[in-house]
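Listed here are the chains, written in short residue letters.
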Amino acid sequence: KSDSVTGEPLAGVEFSVTELNGARIGSFTTDSSGIIFIPNLKEGWYVVSEVKGLPGYKPDSAPRNVELKADWLNVLEYKNQPYPTLQLSKIDADTKQPLEGVRFRLLDRLQREIGIFTTNAQGQIILTGMDEGKYYLQEVEAKLGYVLDSTVREVSLQWGKTTSIEIKNTPMASLRIKKVDAVSGKPIPGTTFLLYDMKGNILGEYITDNNGIIELPKELAAGKYKLKESKAASGYVLDEQPRTIELKSGETTEVVIENQPVRGKITITKKSADDNPITKQKVGSV
């Protein structure tokens, strides 16, 4: 019994030997040289079956019929195929730090789902037990704060070899909006904003807090957006000018927007104190 890739002997593999009629000869296990030697068998046909293989190797449980001849060393050779290993590493595209909790779907060559697997604390998924051949990987759930990469990747696995693949995730961008009084510089709570993508689709409505701030978590992809004030706080003039802002991956972009307070109006009325003999206006005339 040997490794089909390296040719190294495999110890500890168990075989069953029976006669063709099912009569049991016994169970035997390969030694450190990968060999089982069975003496004193009579001439005839026997059935040999592997009943217990080794971890990391594909089982070969198909029974083999073998004819033994007198005065002849009858040799039956088995080769076990070591399973391929797939090692996936998921990292931050900027910092190269490993990303835990990213979920991937593994598909076979016919794109039938084998299973869904999640990266560990080292950002890795290590899989074995598959046959040699073509497989497909697809990210189905990104780590919070990162852009989902749903690209379907083709992976080729070979017996006894480790195939490593590294996939980077782009961190999402964040946005902080700060609304202040144009005169005093004090924060303005209660101002409502609409955020749009560049196609004019509304992404959300947000209201400044008591500190005059809107803090969006990392949930936006890097790129350009439009920001528009839709409702001013009480006592302030609505700023209807849309603003184009550009967000960068992994960074917080802060936008400070001023609001003009509503100005009060004073009306001055001038009245005549006496009769005007020239204009003929009477006392109290405007």
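Not measured: the values here are computed from a predicted model.

Moving on, we get to the overall build of the protein chain. Counting its secondary structure elements, the protein chain contains zero helices and 20 strands. In terms of overall dimensions, the protein chain is more spread out than a globule: its C-alpha atoms have a radius of gyration of 40 Å, far above the 19 Å expected for 286 residues. Contacts in the protein chain between residues far apart in sequence, at least 24 positions, make up 56% of those at least 6 positions apart. Only carbon and sulfur atoms are counted for the fraction: they give 48% of the accessible area of the protein chain, which is about 17700 Å².

Our next topic: the packing of aromatic side chains. What the rule picks out here adds up to one aromatic pair. Of note, R64 hangs over the ring of Y78, and the distance from its end group to the ring centre comes to 4.0 Å.

Mapping D197 onto the fold places it in the loop between β15 (192-196) and β16 (202-207). In this structure D197 is buried but unpaired, with K199 as the nearest side chain of opposite charge at 6.5 Å. One polar contact links the side chain of D197 to the main-chain amide nitrogen of N201, over a distance of 2.8 Å. Contact partners of D197, with chain neighbours within four places excluded, come to L203 and Y225.

Under the counting rule described, the total for this entry stands at 13 salt bridges. With its nearest N and O atoms 3.3 Å apart, the salt bridge here joins R103 to E141. With a gap of 38 residues between them, R103 in strand β8 (residues 103-107) and E141 in strand β11 (residues 133-141) connect regions that are remote in the sequence. When its relative accessible area of 31% is taken as the criterion, R103 is described as partly exposed. Given the relative accessible area of 38%, E141 is considered partly exposed. In this structure, R176 and E254 form a salt bridge, with 3.1 Å as the shortest nitrogen-oxygen distance. Of this pair, R176 sits in strand β14 (residues 173-181) while E254 sits in strand β20 (residues 252-259), placing them 78 residues apart in sequence. What makes E254 partly exposed here is its relative accessible area of 43%.

Our next topic: the sheet that holds strand β7 (residues 85-92). If you walk across this open sheet you meet the three strands as β10-β7-β13, and the pairing is mixed. Here the strands that pair on one side only, and so sit at the sheet edges, are β10 (124-128) and β13 (162-169). In this sheet, adjacent strand axes meet at a mean angle of 15° when their direction is disregarded.

Attention now moves to the sheet that holds β16. The strand order across the open sheet formed by four strands is β16-β15-β18-β19, and the pairing between neighbours is antiparallel. Every other strand in the sheet has two partners, leaving β16 and β19 (243-247) as the edge strands with one partner each. For this sheet, the mean angle separating the axes of adjacent strands, direction not counted, is 30°. Note: β15 against β16, five bridges, orientation antiparallel. Residue pairing across strands places L195 opposite G204, the latter belonging to β16.

Conventions we followed
- Residues numbered from 1 in each chain as written.
- Predicted model: local features only at pLDDT ≥ 70, side-chain atom pairs only at ≥ 80, totals over all residues.
- Heavy atoms only, no water.
- Helix = DSSP H or I, 4+ residues; strand = E, 2+ residues; numbered from the N terminus.
- Rg over C-alpha atoms; globule rule 2.2 N^0.38 Å.
- Contact = heavy atoms within 4.5 Å.
- Areas by Shrake-Rupley, 256 points an atom, 1.4 Å probe, with all protein chains shown as cover.
- Phe/Tyr/Trp six-rings, centres within 6.5 Å; stacked < 30°, edge-to-face > 60°.
- Lys NZ or Arg CZ within 6 Å of the ring centre and 35° of its normal.
- Buried < 20%, exposed > 50% of the residue type's maximum accessible area, 1.4 Å probe, protein only.
- Lys, Arg positive; Asp, Glu negative; His and termini not counted.
- Salt bridge = Lys/Arg side-chain N within 4 Å of Asp/Glu carboxyl O.
- Polar contact = N/O pair within 3.5 Å; in protein donor to acceptor, adjacent residues only side chain to side chain.
- Pairing = 2+ DSSP bridges.
- Axes fitted to C-alpha atoms, helices over the stretch in contact; angles between N-to-C directions.

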